Amino acid sequence: MFKSQLFVWILAAIATYALLDRLNFEHLIIPLFIVSFFAFLSSKYRLKNIEYLLFFTISFTGLFGLTETLTGFYAESTNALLFGLSFYSASMAYLISQNRFGYQSVLYVSNPLLLSTGPIALFFRNISHKSLRKRIEYFFPFIIVGTFMFQIVGTPLTEFFFLIESTDVISSIIFAAIFEIFIYANFCGLSLLLYGLFGLFGYRIPLNFKQPFSSRNIIEFWRGWHTSLSQVLKVLFYKPLRKKRSLFTALIGVYIASAMWHGVTLNFLLWGLFHASFFWLSSKFLKGNNSLLPILLMPFIIILGRLIFAESDTERLFEKLTFSFYGFDVFKELFEVPILSILALLLGIALIISEFIFKNSKIMNKRNYKYLRTPFSLLLLIIVGVLLTSNLGEEFAVYGQR
Amino acid sequence: MLYTDNVNRLIFWVLIPLILFSFISFRIIEWQIFKDGGRKEIAQQHLENLRNLKDINCLILGGSNSFFSLSAEHMSRNDEFNCYNLSLINEGYSDESYFAYVKSMPIKQIEIAHVFYSTAYLLADDKVFAERLKNNANKIGISGDSSFRLFGGSLALRLKNFLEGKPFSPSYLLYPNPNERGDFNFELYDGCDPERINNSWSLTTKQDELKNWIKSNLLRIKNLFPNAEVYLVLPSKLANSLNKANLANLSNYLQAQANDQSFRYIEQSLFSNTDELCFGFQHANQIGRKKRTTELLDLIHSE
């Protein structure tokens, strides 16, 4: 068991070293030492509430400028001492709270590939007893779908990033919508890619996205978005708070914790309060058997939430939130980006619409991208991918190490 | 059902691997026959030219912006200057490679009295600037990065070109040798296409890194040419929706640095329309080059 985990760790280290720029040997080794040290500590002592301290480590380092705030743009810390901190601190916090953290967790919690893109390593289940052929048949399609989403849909969308500077209502909404598609294609793409890769090597890791747009309300949406973080938040914040407090208070606690994990900035605080409020409101509507309003509210919540999430410039954020209308000039600018970026945007929209419209069909039921993993879909993705793949746009992991 | 299963198996185990294998093979072949767009030949031509030119007292340094948009020949019509345009495409890809190349040229460094350093990296967005820093870290040579790329130029766009009767590989990347003053030779080039100009650009958000970068390059130039007056030139570019306040901030900073660090800072005006451009928002055509060079001379003399 240890040997095969070590083998996967070494392979991941080689891949990370080859793929990420400005990465040194210490970026790979230091997390391993830190996680090992915590494994040693937790085997000797039971420190009260250490999981909360660990979870908020990234907030403290961000507050003191040691790590970068997550904005969705290229934000890579060069500090080797803090490489992957946001992910392994959350992993350790979760595993400690579940009494599952120990030496056996060290190699997967500090796995360099997981630290460079996510998901948070909640588990690392050995499935090597399944035949290689079975693993190829099941996991290889995830690699194709992930690569397609990351490379063909996500990366060319970075050509639209200039829109962030415009503060009028039309530009702001269009930027937020495109940015939402970009974040989804980038983060989900990388997560599916890693899910497939680790699966091929005989380990099942968390499926970080579960077709979030196959939802009827914002509550279902969050069940499918960044599921590894949601699970950590549920265990560390929601459950303990819900035991003693109202649903609203528990939600505020969860979303503020989530916001602080992303970055200690005003926009994240607002983002947390915004989502907590609408989550609560949606649950109230659903309890009152009103399912129409939550479904109508969902796109508004997602887009406005993303607008707040993306804007770390407070002055500009407030300007955007005045929703001033200056006309439709932005549409002219939109079509000045390269044609491949426009095609990427159309593909992104098509993916999201398919997820939503066919959410009740049999193939979408499990929300595990099965509709994209059928041989015919894969063939289509590969043909389109081979034709459209280019070096256009900026390649980076939105939830990359900080 | 059996028929569907067989088709699915055929797609999964035969068709998909075949397409992937063909695609990867194509990329490998393309990588093996990698052409550097004539960069090595251009670099060699500069060497030949400089061996034959006497009494050079002025150099134009920079990347494609100054290669396309400034003329040493035009400047040398002014009695004060005997110029040579030693700009390289992509500014030699990395700083170390570019300045090592400049140093290796047969130039009497102490006799150089004027250096015009026109760098488009002042106008770079995050991606372009990050790539420069990455190239610096990887010490990429003046011929560019020849490493294997799975995600290279788009096949769809190439097929479109091919169907329109244009070459399958983009010809605009192949540049002719410069003339005897190192200027871009527009007579031998047919790749100008204003339609390719991407007018959407923004300044890098990594302003602190950019400032350190420019300081370091100015120091290199001063060390190479100790008797030269160094002019840092912010290139002309196409007017667009760029945040003017950000550009003004950068200009103010560079102007303040110029006063402190004894170099002269010149900000060139905007290109008014694409008729003055070849391709790229800072790549002039012959008309734009004449305009930009004339303006540069005027600005020097008006100070």
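Residues numbered from 1 in each chain as written. Chains lettered and ligands numbered in written order. Predicted model: local features only at pLDDT ≥ 70, side-chain atom pairs only at ≥ 80, totals over all residues. Heavy atoms only, no water.

**Some details on the domain arrangement of chain A**
All names here are of chain A.
And step 1. Structurally, chain A comprises domain 1 (2-126) and domain 2 (133-388).
And step 2. Between the C-alpha centres of domain 1 and domain 2 there is a distance of 24 Å.
And step 3. With 36 residues of domain 1 in contact, the opposing surface of domain 2 contributes 38 residues.
And step 4. Three residues stand out in domain 1 for area buried against domain 2, namely Phe55, Phe73 and Pro119, and they jointly supply 19% of the buried area on that side.
And step 5. For the pair domain 1 and domain 2, the number of links is zero salt bridges.
And step 6. At the surface where domain 1 touches domain 2, the tally comes to nine residue pairs in polar contact (both at pLDDT 80 or more).
And step 7. Secondary structure elements with two or more residues in the side of domain 1 that touches domain 2: α1 (2-19), α3 (50-55), α4 (57-63), α5 (85-97), α7 (112-117) and β1 (125-126).
And step 8. When its residues are assigned to classes, the side of domain 1 that touches domain 2 shows 21 nonpolar, 13 polar and two charged. (Domains from an automatic or database assignment. Contact = heavy atoms within 4.5 Å. Buried area = accessible area lost by both parts, 1.4 Å probe. Salt bridge = Lys/Arg side-chain N within 4 Å of Asp/Glu carboxyl O. Polar contact = N/O pair within 3.5 Å; in protein donor to acceptor, adjacent residues only side chain to side chain. Helix = DSSP H or I, 4+ residues; strand = E, 2+ residues; numbered from the N terminus. Nonpolar A, V, L, I, M, F, W, Y, C, P; charged D, E, K, R; others polar.)

**Some thoughts on the layout of surface pockets**
Residues and elements named next belong to chain A.
And step 1. The space that makes up the second largest pocket amounts to roughly 620 Å³.
And step 2. Looking at the second largest pocket, it is lined by 23 residues, and the ones nearest its centre are Trp222, Arg223, Ser230, Lys234 and Phe279.
And step 3. Counting only elements with at least two residues in the lining of the second largest pocket, the list comes to α10 (218-224), α11 (227-244), α12 (247-262), α13 (266-287) and α14 (292-310).
And step 4. A total of seven residues in the lining of the second largest pocket trace back to one element, the largest contributor, which is α11.
And step 5. For the lining of the second largest pocket, a count of residues per class yields 13 nonpolar, seven polar and three charged. (1 Å grid on protein atoms, 1.4 Å probe; cavity = no way out; pocket = protein on both sides within 12 Å on 5 of 7 lines; lining within 4 Å. Points joined across faces, edges and corners; volume = space filled by probe spheres on them.)

**As for helix α17 (residues 339-357) of chain A**
And step 1. Compared with the 27 Å implied by 1.5 Å per residue over 19 residues, the 27 Å span of α17(A) between its first and last C-alpha is a close match.
And step 2. The set of residues buried in α17(A) consists of A:Leu340, A:Ser341, A:Ile342, A:Ala344, A:Leu345, A:Gly348, A:Leu351, A:Ile352 and A:Glu355.
And step 3. In this fold, the buried residues of α17(A) make contact with α8 (132-154), α9 (169-200), α16 (330-334), α18 (370-373) and α19 (375-388) of chain A together with α7 (155-163) of chain B. (Expected span 1.5 Å × (residues − 1). Buried < 20%, exposed > 50% of the residue type's maximum accessible area, 1.4 Å probe, protein only.)

**Thoughts on the nonpolar core**
And step 1. Counting 142 residues, the largest nonpolar core has A:Phe55, A:Phe101, A:Phe160, A:Leu163, A:Tyr184 and A:Trp261 as its most contacted members.
And step 2. In terms of residue count, α9(A) provides more of this core than any other element does, 18 residues in total.
And step 3. Those residues in contact with A:Phe55, other than ones at most four positions away along the chain, are A:Ser89, A:Ala90, A:Ala93, A:Leu229, A:Val232, A:Leu233, A:Leu236, A:Phe237, A:Ala257 and A:Trp261.
And step 4. Ranked by size, the runner-up nonpolar core spans 59 residues in total, among them B:Phe129, B:Leu218, B:Leu250 and B:Cys278. (Core = buried A, V, L, I, M, F, W, Y, C linked by side-chain atoms within 4.5 Å.)

**Points about the sheet that holds strand β4 (residues 229-234) of chain B**
Residues and elements named next belong to chain B.
And step 1. Strand order in the open sheet made by the five strands is β2-β1-β3-β4-β5, with parallel pairing throughout. The open sheet is flanked by β2 (83-85) and β5 (264-267), the only strands paired with a single partner. Here the average twist between neighbouring strands, direction ignored, is 20°.
And step 2. Bridge count for strand β1 (residues 58-62) against strand β3 (residues 114-118) is five bridges, and the pairing is parallel. Each bridged residue has a counterpart across the sheet, and for leucine 61 the counterpart in β3 is tyrosine 117.
And step 3. Helix-sheet contacts for helix α9 (residues 244-261) involve β4 and β5, and the interaxial angle to β5 is about 155°. (Pairing = 2+ DSSP bridges. Axes fitted to C-alpha atoms, helices over the stretch in contact; angles between N-to-C directions.)

**Points about the interface of chain B and chain A**
And step 1. The interface of chain B with chain A comprises 31 residues on the first partner and 35 residues on the second.
And step 2. Roughly 2,800 Å² is buried in total at the junction of chain B and chain A, and carbon and sulfur atoms are behind 67% of that figure.
And step 3. When the buried area of chain B at its contact with chain A is split by residue, B:Phe12, B:Lys127 and B:Phe151 rank highest and sum to 21% of it.
And step 4. Taken together, the connections running from chain B to chain A amount to zero salt bridges.
And step 5. At the level of elements, α1 (2-32), α6 (126-138) and α7 of chain B are the ones that each hand at least two residues to the side of chain B that touches chain A.

**Points about the state of the cysteines**
Should the sulfur atoms of two cysteines be covalently bonded, the bond is a disulfide.
All names here are of chain B.
And step 1. Counted under the stated rule, the structure contains two disulfides over all chains.
And step 2. Note that cysteine 58 is cross-linked by a disulfide to cysteine 83, the S-S spacing being 1.8 Å. Around the S-S axis, the bridge from cysteine 58 to cysteine 83 shows a dihedral of about 85° and counts as right-handed. Highlighted residues: cysteine 58 in strand β1 and cysteine 83 in strand β2, separated in sequence by 25 residues. (Disulfide = S-S within 2.5 Å.)

**Quick look at a nonpolar patch on the surface**
And step 1. A surface patch of nonpolar side chains, amounting to about 770 Å² of accessible area, comprises A:Ile339, A:Leu343, A:Leu346, A:Ile349, A:Ile353, A:Phe356, A:Ile357, A:Phe358 and B:Leu157.
And step 2. No other element matches α17(A), which puts seven residues into the nonpolar patch.
And step 3. Relative to the elements of secondary structure, A:Phe358 occurs in the loop between α17 and α18. (Patch = residues over 30% accessible without salt bridge, like charges linked within 9 Å, V, L, I, M, F, W, Y side chains within 5 Å. Areas by Shrake-Rupley, 256 points an atom, 1.4 Å probe, with all protein chains shown as cover.)

**Observations regarding the packing of aromatic side chains**
And step 1. Taken as a whole and judged by the stated rule, the model has 61 aromatic pairs over all chains.
And step 2. Ring plane angle 65° and centroid distance 5.6 Å describe the contact between A:Trp271 and A:Phe309, whose orientation is recorded as edge-to-face. Remark: A:Phe309 occurs in helix α14 and A:Trp271 occurs in helix α13; sequence separation between them is 38 residues.
And step 3. Residue classification places A:Trp271 among the buried positions, given a relative accessible area of 5%.
And step 4. Seen in terms of ring centroids, B:Tyr121 and B:Trp213 are 5.5 Å apart; in terms of plane orientation they differ by 65°. Their pairing is edge-to-face. One end of the pair, B:Tyr121, is in the loop between β3 and α6; the other, B:Trp213, is in helix α8 (residues 207-224), with 92 residues separating them in the sequence.
And step 5. What makes B:Trp213 buried here is its relative accessible area of 6%. (Phe/Tyr/Trp six-rings, centres within 6.5 Å; stacked < 30°, edge-to-face > 60°.)

**Quick look at the pattern of salt bridges**
A pair can form between side chains of opposite charge whenever their charged atoms are brought close.
Residue and element names in this part refer to chain A.
And step 1. What the rule picks out here adds up to 12 salt bridges over all chains.
And step 2. For glutamate 137, the salt bridge goes to arginine 133, with nearest N and O atoms at 3.6 Å. Of this pair, glutamate 137 and arginine 133 are both found in helix α8, four residues apart, which corresponds to roughly one turn of the helix.
And step 3. Here arginine 133 falls in the partly exposed class, since its relative accessible area comes to 46%.
And step 4. A network of salt bridges, in which partner residues are shared, links Glu311, Arg316 and Lys320.

**Digging into a positive patch on the surface**
And step 1. Positive charge collects at one region of the surface, where A:Arg223, A:Lys234, A:Lys239, A:Lys243, A:Lys244 and A:Arg245 lie side by side.
And step 2. Per-element tally for the positive patch: the top contributor is α11(A), with four residues. (Lys, Arg positive; Asp, Glu negative; His and termini not counted. Charge placed at Lys NZ, Arg CZ, Asp CG, Glu CD.)

**A closer look at empty space enclosed by the protein**
All names here are of chain A.
And step 1. What the rule picks out here adds up to six cavities of 30 Å³ or more.
And step 2. Taken as a whole, the largest cavity spans an internal volume of roughly 60 Å³.
And step 3. Together, Glu180, Phe221, Trp222, Trp225, Trp271, His275, Ile301, Ile302 and Arg306 line the largest cavity.
And step 4. Of all elements in the fold, only α10, α13 and α14 reach the threshold of two or more residues within the lining of the largest cavity.
And step 5. The class makeup of the residues in the lining of the largest cavity is six nonpolar, one polar and two charged.

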